[in-house]
Amino acid sequence: MTYAEAYSYVYDKKSYFPSDKLDDLMEMLMDCDDDAFKEIKKAHFQSPVLITLLSIVLGIYGVDRFVVGDYKLGLFKLFTGGGFLAMWLVDIFKIGKDVQDYNYIKICQMSLPSMEAVLRDFRRK
């Protein structure tokens, strides 16, 4: 992969990831193989802005946490009225950062080479 491709991808998706991790993300994308980069480009990442809006509107019912995949906290918010409104208020300000961290972890896992790629590179050498 070229630097231009990695830079273009990171620039287009910069709001989806923590701003302090963008340089690390560039390095990871430069180091990953082409197959992994193709899968990363196809992957769907959660929008922090959309999830924050969802948290404002339906966060009291835990819908925001269900969408992110945090089912335990989603159920807690559902059955306690947003954690007695306290967790709902906290999530309005916090969930955007949590989504960015979740997206970063997801892309880190995707950028790791598959066992097939490692074996293919080993056989070439």
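All residue numbers refer to positions counted from 1 along the written sequence of the respective chain. Per-residue local features of the predicted model are confined to residues with pLDDT of at least 70, and side-chain atom pairs are confined, for both listing and counting, to 80 or more; whole-chain, interface and lining totals are unaffected and use all residues. Neither water nor hydrogens contribute to the side-chain values; these are computed over all heavy atoms in the structure.

**Student:** Residue-level account of unusual backbone geometry, with values.
**Tutor:** Phi at Phe-84 is positive, roughly 55°, even though this residue is not glycine. A run of DSSP states H or I qualifies as a helix once it reaches four residues; a run of E qualifies as a strand once it reaches two. Both are numbered from the N-terminal end. Position of Phe-84 among the secondary structure elements: in helix H7 (residues 81-84). A simple rule labels every residue: compare its accessible area, found with a 1.4 Å probe on the protein chains alone, to the largest value its type can have, and call it buried under 20%, exposed over 50%, or partly exposed in between. Look at Phe-84 and you get exposed, because its relative accessible area is 67%. Backbone geometry at Leu-85 places phi at a positive 70°, although glycine is not the residue there. Assignment of secondary structure puts Leu-85 in the loop between H7 and helix H8 (86-111).

**Student:** Please set out helix H4 (residues 48-58) residue by residue, giving values where relevant.
**Tutor:** Turning to H4, its buried residues number three or more, namely Pro-48, Ile-51 and Ser-55. An end-on view of H4 places all buried positions within 65° of arc, on one side of the element. Across H4 from its buried face, at more than 90 degrees, point the exposed residues Val-49, Leu-50 and Val-57. Picture the helix axis, draw a direction to every C-beta atom, and the arc is the one those directions span.

**Student:** Explain the state of the cysteines to me, using residue names and the numbers behind them.
**Tutor:** Cysteine sulfur atoms are paired as a disulfide whenever they come within 2.5 Å of each other. What the rule picks out here adds up to zero disulfides. In this structure Cys-32 is not part of a disulfide, and its nearest cysteine sulfur, from Cys-108, lies 11 Å away. By relative accessible area, which is 6% here, Cys-32 ends up buried.

**Student:** Account for the side chain of Thr-80, with residues named and values stated.
**Tutor:** With respect to the helices, strands and loops of the structure, Thr-80 is situated in the loop between helix H6 (71-79) and H7. By relative accessible area, which is 18% here, Thr-80 ends up buried. Within 3.5 Å is the distance limit for a polar contact, defined as a pair of N or O atoms, with the added protein rule that one can donate a hydrogen and the other accept it, and that residues adjacent in sequence qualify only through two side-chain atoms. A polar side-chain atom of Thr-80 sits 2.9 Å from the main-chain amide nitrogen of Gly-83.

**Student:** I'd like to hear about the pattern of salt bridges, residue by residue, with values.
**Tutor:** By convention in these notes, a salt bridge is any Lys or Arg side-chain nitrogen within 4 Å of a carboxyl oxygen on Asp or Glu. Counted under the stated rule, the structure contains eight salt bridges. When the shortest N-O distance is used, the salt bridge between Lys-77 and Asp-64 registers 3.0 Å. Remark: Asp-64 occurs in helix H5 (residues 63-68) and Lys-77 occurs in helix H6; sequence separation between them is 13 residues. Accessibility expressed as a relative area gives 0% for Lys-77, which makes it buried. Asp-64 sits in the buried class, given a relative accessible area of 0%. Here Asp-98 ties to Arg-65 by a salt bridge, and the two come within 3.0 Å at their closest N and O atoms. In this pair, Asp-98 sits in helix H8 while Arg-65 sits in helix H5, placing the two residues 33 residues apart along the sequence. Through salt bridges with shared partners, a single network forms among Asp-64, Arg-65, Asp-70, Lys-77, Asp-91, Lys-94 and Asp-98.

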